[in-house]
Amino acid sequence: MMINEMFRGKSRSFIVELGLLLVIIIGIFDYLLGPDFSSLIAYFIPIIFVTRFAGRTAGIILSVTSATTWILAEILYNPDYIFFPVHFWNLLEKLGIFLIVVFILQKLAKIEDEKNNLLSMIAHDMKNPALVAKGFSERLIKGKVGSLTKRQEEYARLINHELSRLERLIIDFLDISKFQSRKFKLNSIPFDILSKIKNHIELLRIEAENKNISLHLECPEVSMIQVHADVTQIDRVISNLVGNAINYSSTGGNVTVKLSAQKRAVLVQVHDTGKGISKEHIQHIFKPFYRVTNDHSGSGLGLSIAQSIIEAHGGRLWVESKPGHGTTFSFTLPLSHTGLSKI
Ligand code: ADP
């Protein structure tokens, strides 16, 4: 639980680097104190930790590194070691253990991939009938197949609305699968995230005002903040976070979007004074389909997609919340080489 909280939101590369560092430290102790010092457990803890927080591929990389470090430490401790048959078998046994781990992790990754591919195929096949049915409902609403009674038109609109939701859900689901199998292609270009956020705030201001929520922007005194990223995908992240902040706040609340420049990244924070998210829920909030309550329409896919998008850009997205006081979602994005421009 504690470990989950410590590493929530940390980027994959950070976790892999930490895992590698741990393995090297164990290896150094092994080399200094001799083969009796370490045990399988010492090397297995970093592998379990990295597989849990950075995925199976990272776990495989660390298993190979652990095997190499362990064997190397023993050989360096006693170079004659390798020529004693009993020790030679001992080294082979160690190598074997890690090969089994790599094999199991690879098998698990393959099963996961096959499951994702199957689900994507089903979702993909569902998309076309949903689009066709939506097209027909639009023709009905527009009166292209004769005039409708008020009741018929109302039903046609409801069908159209539900089909649009289904279409959105399918698209989101397909995107999640692509992100999970790392097949999502980013179309990155340099753009000004400051003006992007200003536009979003203007677009969402009416929605916020309808709920009597005030929307603010806090940013450094610069004319632009340039990042190298996929505009459409970053748009999606911003509208999800600001949209959620408005949706999950009660009347009279405040939503503040704050931009600050770090050394090599821009930090974007979306803070609301809403009901907050309890500890019990916060650890699951980025999982696909996870929703705290069903009092608003939604799919529970938005945050999971947002996190995948930010991580695919080399940034990170995390949440802090105080139930009853509000929530802050923060994300970082690497600055492009132009970075900030003064006014
Ligand atoms: P959706 O909003 O479609 O349900 P998300 O993935 O965007 O899906 O959010 C998942 C869940 O996280 C939401 O159902 C909601 O319970 C919770 N949540 C998201 N943002 C906030 C927020 N700003 N304040 C409180 N709860 C939030």
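Everything below is about the structure printed above this text.
Residues numbered from 1 in each chain as written. Predicted model: local features only at pLDDT ≥ 70, side-chain atom pairs only at ≥ 80, totals over all residues. Heavy atoms only, no water.

### Looking at the site of the ligand
What surrounds the ligand is a group of 19 residues, the closest being Asn244, Tyr248, Asp272, Arg291 and Leu303. Contact between the ligand and asparagine 240: an oxygen atom at 3.3 Å from a side-chain N or O atom of the residue. In the model, an oxygen atom of the ligand is placed 3.2 Å from a nitrogen or oxygen of the valine 292 main chain. When the ligand is considered free in solution it has 530 Å² of accessible area, and contact with the protein chains removes 95% of it. Listed by contribution, the elements that provide at least two residues to the shell around the ligand are helix H8 (231–247), helix H10 (302–312) and strand E7 (326–342). If you tally residues by element for the shell around the ligand, the top one is H8, at three residues. Looking at the shell around the ligand residue by residue, the class counts come to nine nonpolar, eight polar and two charged. (Near = heavy atom within 4 Å. Polar contact = N/O pair within 3.5 Å; in protein donor to acceptor, adjacent residues only side chain to side chain. Areas by Shrake-Rupley, 256 points an atom, 1.4 Å probe, with all protein chains shown as cover. Helix = DSSP H or I, 4+ residues; strand = E, 2+ residues; numbered from the N terminus. Nonpolar A, V, L, I, M, F, W, Y, C, P; charged D, E, K, R; others polar.)

### Remarks on the side chain of aspartate 230
By the element assignment, aspartate 230 lies in the loop between strand E3 (222–229) and H8. Buried aspartate 230, no salt bridge; nearest opposite-charge side chain is arginine 236, N-O distance 8.3 Å. Residues within four places of aspartate 230 in sequence aside, it is in contact with Lys185, Leu186, Asn187, Ser188, Phe191 and His313. (Buried < 20%, exposed > 50% of the residue type's maximum accessible area, 1.4 Å probe, protein only. Lys, Arg positive; Asp, Glu negative; His and termini not counted. Salt bridge = Lys/Arg side-chain N within 4 Å of Asp/Glu carboxyl O. Contact = heavy atoms within 4.5 Å.)

### So, the pattern of salt bridges
Two side chains carrying opposite charge are able to pair once their charged atoms lie near each other. For the coordinates displayed, the defined rule picks out 10 salt bridges. The partner of arginine 56 in a salt bridge is glutamate 112, with the nearest N and O atoms 3.9 Å apart. With a gap of 56 residues between them, arginine 56 in helix H4 (residues 56–77) and glutamate 112 in helix H5 (residues 85–141) connect regions that are remote in the sequence. Taking relative accessible area as the criterion, arginine 56 reaches 29% and is therefore assigned partly exposed. Its salt-bridge partner being aspartate 235, residue lysine 196 comes within 3.6 Å of it at the nearest N-O pair.

### Quick notes on the environment of valine 268
Secondary-structure assignment places valine 268 in strand E5 (residues 265–272). Overall, valine 268 belongs to the buried group, its relative accessible area being 1%. Counting along the chain gives 75 residues from valine 268 to isoleucine 193, while the straight-line C-alpha distance between them is 9.6 Å. Beyond its immediate chain neighbours, meaning those up to four positions away, valine 268 contacts Ile193, Ile197, Val257, Lys258, Leu259, Phe329, Ser330 and Phe331.

### Observations regarding the packing of aromatic side chains
For the structure on display, the rule yields six aromatic pairs. A centroid spacing of 5.7 Å and a plane angle of 55° characterise the contact between phenylalanine 44 and phenylalanine 98, whose relative ring orientation is tilted. Of this pair, phenylalanine 44 sits in helix H3 (residues 40–54) while phenylalanine 98 sits in helix H5, and the two are 54 residues apart along the sequence. Judged by relative accessible area, which is 22%, phenylalanine 44 ranks as partly exposed. When the ring of phenylalanine 286 is compared with that of phenylalanine 329, the centres are 6.2 Å apart and the planes differ by 90°; the resulting orientation is edge-to-face. Of this pair, phenylalanine 286 sits in the loop between helix H9 (279–282) and H10 while phenylalanine 329 sits in strand E7, and the two are 43 residues apart along the sequence. The burial state of phenylalanine 286 is the same as that of phenylalanine 329; both residues are buried. The positively charged end of arginine 316 is found above the aromatic ring belonging to tryptophan 318, 4.1 Å away from the centroid. (Phe/Tyr/Trp six-rings, centres within 6.5 Å; stacked < 30°, edge-to-face > 60°. Lys NZ or Arg CZ within 6 Å of the ring centre and 35° of its normal.)

Everything listed here is a matter of coordinates, which is why it stays silent on function.
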